[in-house]
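# Fold and contact review
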Amino acid sequence: MAAEGWIWRWGWGRRCLGRPGLLGPGPGPTTPLFLLLLLGSVTADITDGNSEHLKREHSLIKPYQGVGSSSMPLWDFQGSTMLTSQYVRLTPDERSKEGSIWNHQPCFLKDWEMHVHFKVHGTGKKNLHGDGIALWYTRDRLVPDNFHGLAIFLDTYPNDETTERVFPYISVMVNNGSLSYDHSKDGRWTELAGCTADFRNRDHDTFLAVRYSRGRLTVMTDLEDKNEWKNCIDITGVRLPTGYYFGASAGTGDLSDNHDIISMKLFQLMVEHTPDEESIDWTKIEPS
């Protein structure tokens, strides 16, 4: 990221009708801090976008009804966020802008999948743009650092010049309020897993799918205009409570980009849980 405060600014689709489920991604690096068990050969079926399980109270869909409405707000937006008929622009391609949009309703689904249709674009050339989008599922809205919950960073600018990562880069972080994102190292020390993803300045639609079910977190992308999901992240042992909020944010510093959210669609996954699992108070689970 080009500027240090970007974790405050970050942002979070797509559902494709008739899209079949795809194989899940392969193994990634272990992260002892969270005692995660990474999966290899297990499959992760991305839902085909059936409207039957679409949760409209947690979805951001054109024509964006209920956004910023005082009578029945489903989504609140802050900072430089601009609402149009075609997209929600978190930041324009200008320096030192911060914008976010947050769902007004806490989500009490145990198993869910979020599809995000987004676009990151601007006039800056290679390594002359920033900073990226963040997608959130957190206890508190508009809380930048030391958050409780899940953050997925779509990072377009490498602050660490010694990094071996290829940017743009997608990474995942789970926090119980005890950790801080290290801006100078692009969150390397608190990253659970990540992947390179060339989503900036594409001439076609770009999508991200985030799936959480029974402790398994899967992130997949569709960036090649092939109507196919590509593996990015697949980890298990992740514990997330219910009752948290979805959000998206973005920011610019000395370098800039347009950061647009076209849609965020949340789907309920129909999963059977054991009696022991059902007896748990899911709102009291500590993110880990």
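Residues numbered from 1 in each chain as written. Predicted model: local features only at pLDDT ≥ 70, side-chain atom pairs only at ≥ 80, totals over all residues. Heavy atoms only, no water.

## Some thoughts on the overall build of the protein chain
Of regular secondary structure, the protein chain possesses 1 helix and 15 strands. Within the protein chain, the proportion of its 288 residues that are buried is 56%. Accessible surface, the protein chain as shown: approximately 12600 Å² in total, 49% of it carbon and sulfur. (Helix = DSSP H or I, 4+ residues; strand = E, 2+ residues; numbered from the N terminus. Buried < 20%, exposed > 50% of the residue type's maximum accessible area, 1.4 Å probe, protein only. Areas by Shrake-Rupley, 256 points an atom, 1.4 Å probe, with all protein chains shown as cover.)

## Points about the pattern of salt bridges
Evaluated as defined, the whole model comprises 11 salt bridges. Residue Glu94 pairs with Lys97 through a salt bridge whose shortest N-O separation is 3.7 Å. Across the pair Arg211 and Glu113 runs a salt bridge whose closest N-O atoms are separated by 2.7 Å. Of this pair, Arg211 sits in strand E11 (residues 206–213) while Glu113 sits in strand E6 (residues 112–121), placing them 98 residues apart in sequence. Judged by relative accessible area, Arg211 falls into the buried class, the value being 18%. Taking the relative accessible area as the measure of exposure, Glu113 reaches 0% and is therefore buried. Salt bridges here are not isolated pairs; linked through shared partners, they connect Asp198, Arg202 and Glu224. (Salt bridge = Lys/Arg side-chain N within 4 Å of Asp/Glu carboxyl O.)

## Description of the state of the cysteines
Summed over the entire model, instances satisfying the criterion amount to 1 disulfide. Shown here is the disulfide that connects Cys195 with Cys232, its sulfur atoms set 2.0 Å apart. Every disulfide takes its handedness from the sign of the S-S torsion; for Cys195 and Cys232 that torsion is -100°, giving left-handed. One end of the pair, Cys195, is in strand E10 (residues 193–196); the other, Cys232, is in strand E13 (residues 230–236), with 37 residues separating them in the sequence. Taking relative accessible area as the criterion, Cys195 reaches 14% and is therefore assigned buried. (Disulfide = S-S within 2.5 Å.)

## Some words on the nonpolar core
In this structure, Trp112, Phe118, Ile152, Ile170 and Leu208 are the most contacted members of the largest nonpolar core, which totals 47 residues. Here this core gets 5 residues from one element, more than from any other, and that element is E6. Grouped together as the second largest cluster of nonpolar side chains are 9 residues, Trp136, Ala151, Met173 and Tyr181 included. (Core = buried A, V, L, I, M, F, W, Y, C linked by side-chain atoms within 4.5 Å.)

## Section: the packing of aromatic side chains
Per the stated rule, a full pass over the model turns up 9 aromatic pairs. Geometrically, the ring pair formed by Trp112 and Tyr137 is tilted, given 5.4 Å between the ring centres and 50° between the ring planes. One end of the pair, Trp112, is in strand E6; the other, Tyr137, is in strand E7 (residues 132–138), and 25 residues separate them in sequence. Comparing Trp112 with Tyr137 shows no difference in burial state: the two are buried. Ring geometry for Trp136 against Phe153: centres 5.9 Å apart, planes inclined by 85°, an arrangement best described as edge-to-face. A residue pair is termed long-range when its members are at least 10 positions apart, and Trp136 in strand E7 and Phe153 in strand E8 (residues 148–155) qualify at 17 residues. Take Trp136 and Phe153: they sit in the same class, and that class is buried. (Phe/Tyr/Trp six-rings, centres within 6.5 Å; stacked < 30°, edge-to-face > 60°.)

## Considering the sheet that holds strand E5 (residues 98–103)
Strand order in the open sheet made by the 7 strands is E2-E5-E14-E7-E8-E9-E10, with antiparallel pairing throughout. In this open sheet, the two strands that pair with only one neighbour each are strand E2 (75–79) and E10. With direction set aside, neighbouring strand axes in the sheet form an average angle of 15°. Note: E2 against E5, 5 bridges, orientation antiparallel. Residue Gln78 lies in a different strand from E5, and its bridge partner there is Ser100. (Pairing = 2+ DSSP bridges. Axes fitted to C-alpha atoms, helices over the stretch in contact; angles between N-to-C directions.)

## Focus: the environment of Trp136
According to the relative accessible area criterion, Trp136 is buried, its value standing at 2%. At a separation of 2.9 Å, a polar atom in the side chain of Trp136 contacts the side chain of Ser249. (Polar contact = N/O pair within 3.5 Å; in protein donor to acceptor, adjacent residues only side chain to side chain.)

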